Amino acid sequence: MYSAAWTSAHGVFLRLVLAATLVTVAACGRPVDEPPTGHYRATLQLPGGEAPFGLQISAENDRFVLYLENATERTRVDNVTIADGELTAVFPGYENSLQARMYRDRLEGNVTLIKDRSKEQVIPFRAQLQDKSAAAYRFYKQPLTDNADLAGRWAMTLTSDGKSSPAVALFEQQHDRITGTVMTPTGDHRFLEGQVHGDEAQLATFAGGLAYLYKVKVNPQGELEGEMWQGLASHSTVTARRDENATLEGQGPSTELKDATSRFDFTFRDLDGNEVSLHDEKFRNKVVVVTLGGSWCPNCHDEAVFLVPFYEEYQSKGVEIVALMFERHGEFERAAQAVRGYRKDLGIKFTTLIAGVSDTDEASKALPTLTGIYGYPTTIVVDRAGTVRDIHVGFSGPATGRHYEEYVAEFRSLIDTLLAESPAAASD
């Protein structure tokens, strides 16, 4: 039998524990003035479920900096403001932004993506501060030890609204961790990361541009079946089979000159409103790389990151680059503002012109000498005589590994060959 004194003391102890618990809960639920630094498991809520990505918050030189982590990629975000219990960040090179309330152990808010015709896509966002003693995870907190092996090359088909398109998936796997990308005829889905859980796998990525979520399962035939979501509005069914020789060569859309004997030309305005044409003196007797893209396009970011140092190396040799920017906005000044941020954040020094809105049909109308614009980026190489020598749709970025390296080598070889030609020889 317990004494009355013990019972009373025990009651006091329980009340103290309860009070401390309530204080802790209240503290966790109350916004804070600064975000806790450390690693977070961040998620975007897409129609198919959570699309997780890594998030690190660091304090650097008396300011806060974010790092978005996907496989081997770390995207630094230094346009961060803290005010009234909220964190706001604008992702580098984009107009897309994050707004979140800050709590002692998490962030809650939204990521806003700027879409066609200035429409906003608002995606619920949450980030949970990770316990340093716990293992980091993407999808499954408790991993399995017996998982399917998805490493390798897969011939993939993506089907949306009854239309199918080819793709190639490249996966690497260590235990239950899976990384890689999916290549399409117009680009790639950048650095995907996820987990294999038995015969299922989920992968996702977000680095400030587009958000992707894949959910697939191995069927009895050893093939993959599942779904893919891009943001809130795009959805595809997924099928894939192993094929170490899978290729997209010859399977994508092709952009060409309508008349092979005609000259490719254009006139668009620069960011100050001045008209610039391909036949201007600046481009005379130069090898000119014309790239069609937009500040909103992740693969265009990848191409620009390659072209910035390339231009620094090759400008003095006789190369000019012109980026025709097809933006989300129909109003010139708003489009120019988006491109100014893109130039600043990516360190672009070559010419950028406002060419129109991002809709590919509208872009095709803006360049009527071409058979059509089917994807961004599309890169057109013009020799010293003004003759189109190559048109390439899409860009295989760093996430594609050797495909990126091969493209860079072929591109450099082509430019070197054209630089060696005289204007007269190029026109023959």
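Just so it is clear, the model here is predicted, and its values are computed rather than measured.

Draft legend 1. Quick look at the overall build of the protein chain. Looking only at helices and strands, the protein chain has six helices and 25 strands in total. Over its C-alpha atoms, taken along the principal directions, the protein chain stretches across nearly 110 × 55 × 35 Å. A burial count over the protein chain gives 50% of its 428 residues as buried. Taking the intrachain contacts of the protein chain between residues at least 6 apart in sequence as the baseline, contacts between residues at least 24 apart amount to 58%. Looking at the protein chain as shown, the accessible area adds up to about 20,700 Å², and 49% of this sits on carbon and sulfur atoms.

Draft legend 2. Up close: the confidence of the model for the protein chain. Here the protein chain averages 92 in pLDDT, while 92% of its residues score no lower than 70. Here residues 16–27 scores under 50 on pLDDT; set against residues more than four positions off or in separate chains, the count is two contacts.

Draft legend 3. Spotlight on helix 2 (residues 298–314). Along its 17 residues, helix 2 runs 24 Å from first to last C-alpha, staying within 8% of the 24 Å computed at 1.5 Å per residue. The largest bend in helix 2 amounts to roughly 25° and is located at leucine 307, with the proline proline 309 lying one to four residues further along. Within helix 2, 13 of the 17 residues are buried, which leaves it mostly tucked inside the rest of the structure.

Draft legend 4. Summary view of the sheet that holds strand 9 (residues 120–129). Pairing within the open sheet is antiparallel, and its nine strands lie in the order 4-3-2-1-9-8-7-6-5. Looking at which strands have only one partner, the edges of the open sheet turn out to be strand 4 (73–77) and strand 5 (80–83). Put simply, the sheet's adjacent strands are angled 25° from each other on average, direction ignored.

Draft legend 5. View of the side chain of asparagine 147. Within the secondary structure, asparagine 147 is located in the loop between strand 9 and strand 10 (152–160). Of the polar contacts made by the side chain of asparagine 147, one reaches the backbone nitrogen of glycine 198; its length is 2.7 Å. For asparagine 147, the residues in contact, after removing those within four places along its chain, are Gln173, Asp176, Val196, His197 and Gly198.

Draft legend 6. Focus on the packing of aromatic side chains. Considering all chains together, one arrives at 16 aromatic pairs under this definition. Ring geometry for phenylalanine 53 versus phenylalanine 125: centroids 6.5 Å apart, planes at 35°, classification tilted. One end of the pair, phenylalanine 53, is in strand 2 (residues 49–60); the other, phenylalanine 125, is in strand 9, with 72 residues separating them in the sequence. Accessibility expressed as a relative area gives 3% for phenylalanine 53, which makes it buried. Its relative accessible area of 5% is what places phenylalanine 125 among the buried residues. With 5.8 Å between their ring centres and 90° between their planes, tyrosine 311 and phenylalanine 350 make a pair best called edge-to-face. Pair noted here: tyrosine 311 is in helix 2 and phenylalanine 350 is in the loop between helix 3 (332–346) and strand 23 (351–357), with a separation of 39 residues, a long-range link. The residues tyrosine 311 and phenylalanine 350 share a single accessibility class, namely buried. Grouped by ring-pair contacts, the aromatic residues Phe306, Phe310, Tyr314, Phe395, Tyr404, Tyr407 and Phe411 constitute a single cluster. Here the guanidinium or amino end of arginine 269 rests over the ring plane of phenylalanine 332, the centre of that ring lying 4.0 Å away.

Draft legend 7. Representation of unusual backbone geometry within the structure. For the bond from tyrosine 376 to proline 377, the omega torsion is -5°, close enough to zero to count as cis. Looking at the secondary structure, you find proline 377 in the loop between helix 4 (360–366) and strand 24 (378–382). With a phi angle near 55°, aspartate 84 is a residue other than glycine that sits in the positive phi range. Relative to the helices and strands, aspartate 84 is located in the loop between strand 5 and strand 6 (86–90). A residue is classified by how much of its surface remains accessible, and aspartate 84, at 74% relative accessible area, is exposed.

Draft legend 8. Structural view of the pattern of salt bridges. All told, the structure shown has 21 salt bridges when counted by the stated rule. Residue aspartate 243 is joined to arginine 241 by a salt bridge in which the shortest nitrogen-to-oxygen separation is 3.4 Å. Residue classification places arginine 241 among the partly exposed residues on the basis of a relative accessible area of 44%.

Draft legend 9. Molecular detail of the environment of asparagine 70. Relative to the helices and strands, asparagine 70 is located in strand 3 (residues 63–70). Asparagine 70 sits in the buried class, given a relative accessible area of 0%. As a C-alpha pair, asparagine 70 and proline 166 span 96 residues in sequence and 24 Å in three-dimensional space. Once residues within four sequence positions are removed from consideration, asparagine 70 is found in contact with Phe53, Arg138, Phe191, Glu193, Ala204, Thr205, Phe206 and Ala207.

Draft legend 10. A look at empty space enclosed by the protein. Scanning all chains against the criterion turns up four cavities of 30 Å³ or more. Lining of the largest cavity is provided by 13 residues; of these, Thr291, Glu303, Ala323, Met325 and Tyr342 occupy positions nearest its centre. At the level of elements, strand 21 (287–293), helix 2 and strand 22 (319–327) are the ones that each hand at least two residues to the lining of the largest cavity. The dominant element in the lining of the largest cavity, judged by the number of residues it contributes, is helix 2, at four residues. Class assignment for the residues of the lining of the largest cavity results in 10 nonpolar, two polar and one charged. Estimated volume of the second largest cavity: approximately 40 Å³. Forming the boundary of the second largest cavity are Tyr94, Glu95, Asn96, Ile114, Ser295, Trp296, Glu327 and Arg328.

Draft legend 11. Expanded view of the packing of helix 2 against helix 5 (residues 402–420). Closest axis-to-axis distance for the helix 2/helix 5 pair is 13 Å, and the angle between their directions is 25°. In terms of their interaxial angle, helix 2 and helix 5 are classed as roughly parallel. In this structure, helix 2 crosses over helix 5, and the sense of that crossing is right-handed. In this structure, helix 2 uses Phe306, Leu307, Phe310, Glu313 and Tyr314 to contact helix 5, whose residues at the interface are Tyr404, Val408, Phe411, Arg412, Ile415, Asp416 and Leu419.

Rules of the game
Residues numbered from 1 in each chain as written. Predicted model: local features only at pLDDT ≥ 70, side-chain atom pairs only at ≥ 80, totals over all residues. Heavy atoms only, no water. Helix = DSSP H or I, 4+ residues; strand = E, 2+ residues; numbered from the N terminus. Buried < 20%, exposed > 50% of the residue type's maximum accessible area, 1.4 Å probe, protein only. Contact = heavy atoms within 4.5 Å. Areas by Shrake-Rupley, 256 points an atom, 1.4 Å probe, with all protein chains shown as cover. pLDDT = per-residue confidence, 0-100. Expected span 1.5 Å × (residues − 1). Bend = angle between axes of the 7 residues up to and from the residue. Pairing = 2+ DSSP bridges. Axes fitted to C-alpha atoms, helices over the stretch in contact; angles between N-to-C directions. Polar contact = N/O pair within 3.5 Å; in protein donor to acceptor, adjacent residues only side chain to side chain. Phe/Tyr/Trp six-rings, centres within 6.5 Å; stacked < 30°, edge-to-face > 60°. Lys NZ or Arg CZ within 6 Å of the ring centre and 35° of its normal. Salt bridge = Lys/Arg side-chain N within 4 Å of Asp/Glu carboxyl O. 1 Å grid on protein atoms, 1.4 Å probe; cavity = no way out; pocket = protein on both sides within 12 Å on 5 of 7 lines; lining within 4 Å. Points joined across faces, edges and corners; volume = space filled by probe spheres on them. Nonpolar A, V, L, I, M, F, W, Y, C, P; charged D, E, K, R; others polar. Parallel < 35°, antiparallel > 145°, perpendicular 65-115°, else oblique. Left-handed = near helix turned anticlockwise from the far one by under 90°.

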